Amino acid sequence: MGSKRCRGLELHVQGVMPPEQKRLRKRVATRLKDAQNTFALLTTFNEVDMTNLMKLRADYKDVFVDEHGVKLGLMSGFIKAAMSALQHQPIVNGVIDGDDIIYRHYIDISIAVGTSKGLVVLVLRNANGMNFAEIEKEINNLAKKANDGTMSIDEMDGGTFTISNGGVYGSLLSTPIINPPQLAILLFVLARCGNSITIWKLAKFGKFTFD
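Just so you know, these numbers come straight off a predicted model, no measurement behind them. Per chain, residues are indexed from 1 in the order of the written sequence. Predicted model: local features are reported for residues with pLDDT of at least 70 only, side-chain atom pairs are reported and counted for 80 or more only, and whole-chain, interface and lining totals are derived from all residues. By convention in this description, side-chain values take in all heavy atoms of the structure and omit both hydrogens and water.

Visitor: How should I be thinking about unusual backbone geometry in this particular structure?
Guide: Residues other than glycine predominantly adopt negative phi, and peptide bonds predominantly adopt the trans conformation. Cis peptide bonds are those with omega within 30 degrees of zero, and the linkage from P180 to P181 qualifies with 10°. The backbone phi angle of N126 is positive, close to 50°, even though this residue is not glycine. In DSSP terms, a helix is any run of H or I states spanning at least four residues, a strand is any run of E spanning at least two, and both are numbered starting from the N terminus. Relative to the assigned elements, N126 resides in the loop between β5 (118-124) and α5 (132-148). A residue is classified by how much of its surface remains accessible, and N126, at 47% relative accessible area, is partly exposed. To sort residues, take the accessible area from a 1.4 Å probe on protein chains only and compare it with the maximum for the residue type: under 20% means buried, over 50% means exposed, and anything in between is partly exposed.

Visitor: Honestly, the side chain of T160 in this entry has me stumped. Any pointers?
Guide: Topologically, T160 is positioned in the loop between α5 and β6 (161-165). We define a polar contact as two N or O atoms separated by no more than 3.5 Å, with the added condition that, inside protein, one atom must be a possible hydrogen donor and the other a possible acceptor, whereas residues neighbouring each other in sequence contribute only through side-chain atom pairs. A distance of 2.6 Å separates the side chain of T160 from the side chain of N93, its partner in a polar contact. Excluding residues that lie within four positions of it along the chain, T160 makes contacts with V92, N93, G94, V95, R104, Y106, I107, D108 and Q182. Note on definitions: a residue-residue contact is assigned when non-hydrogen atoms from the two residues lie within 4.5 Å.

Visitor: Where do I start with the environment of M50 in this structure?
Guide: Within the secondary structure, M50 is located in the loop between β1 (42-49) and α3 (51-68). Note on M50: relative accessible area 3%, which makes it buried.

Visitor: What is the right way to read the packing of helix α4 (residues 75-88) against α5 from this model?
Guide: Each pair of packed helices can be described by the angle between their axes along with the distance between the axes. Axes here refer to lines fitted to C-alpha atoms; in helices the fit is confined to the stretch in contact. Angles between the N-to-C directions go from 0 to 180 degrees. At a closest axis distance of 9 Å, the pairing of α4 and α5 adopts a crossing angle of 120°. Between α4 and α5, the interaxial angle falls into the category oblique. Where α4 crosses over α5, the two elements pack in a sense that is right-handed. Of the residues in α5, those in contact with M75, S76, G77, I79, K80 and M83 of α4 are F132, I135, E136 and I139. Put simply, Ala, Val, Leu, Ile, Met, Phe, Trp, Tyr, Cys and Pro go in the nonpolar bin, Asp, Glu, Lys and Arg in the charged bin, and everything else, Gly too, in the polar bin. Looking at the contact of α4 with α5 residue by residue, the class counts come to six nonpolar, two polar and two charged. Any angle that is under 35 degrees is reported as roughly parallel, and any over 145 degrees as roughly antiparallel; angles of 65 to 115 degrees are reported as roughly perpendicular and all others as oblique. Crossings are assigned a handedness: left-handed for a near helix turned anticlockwise from the far helix by less than a right angle, right-handed for a clockwise turn.

Visitor: Explanation requested: α4 in the structure shown.
Guide: Expected helix span is given by 1.5 Å per residue-to-residue step, counting one fewer step than there are residues. Counted at 1.5 Å a residue, the expected span for α4 with its 14 residues is 20 Å, and the 20 Å between its end C-alpha atoms agrees. Restricting attention to buried positions, one finds in α4 the residues M75, S76, G77, F78, I79, A82, M83 and L86.

Visitor: Before we go on, may I ask you to explain the nonpolar core in this structure?
Guide: We define the nonpolar core as a collection of buried residues of types Ala, Val, Leu, Ile, Met, Phe, Trp, Tyr and Cys that are connected through side-chain atoms lying within 4.5 Å of one another. Formed by 32 residues in total, the largest nonpolar core has its most connected members in I79, I109, I111, L122, L124, F161 and I163. Within the residue set of this core, elements represented by two or more residues are α3, α4, β4 (109-115), β5, α5, β6 and β7 (184-190). Of all the elements, α4 adds the most residues to this core, at six residues. Beyond its immediate sequence surroundings of up to four residues, I79 is in contact with I109, I111, L124, I135, I139 and I163.

Written out as structure tokens, the structure reads:
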């Protein structure tokens, strides 16, 4: 009986978290804690009218799948909107290098995504040159690698701006932490009214945290 419990305990311990996963989470936790300790964080909340984006998705979702083989999600719309804003306010797309802020002439969007292995950050390289279909395909490809455990730490590094969608978890409010050396992070969360789940189609709340 004791030996069975021992074997079961051994299997349980082995299945908790592999060494590479521990290293990844430790590195992420260290970086985010450093950001809390060193950045002067400011968070602002803004209501965003989602009517046009939701209508676009409803009108073209079937055609989009037929032509491109991927679903038209909300994240591609968020990314396109963010890229337009970053082009008008390039300092937000900058990164901290010691005492300097380096302006980037390209946009690498980091996306915080929940997977079976926990929260990971996917990086869309040169996202400013992508259309909706290319964004959705790249997100799918990166998410598959993250779930398979084949994504390296280097592939999750180097973004210039982060977007997270807390609305998929039904989150109303939360406080994201900047991913250094980036200067800002944008979080979308679900807006509800009472028990209604249709209100979110009209509006979401965008929360912007920056240094």
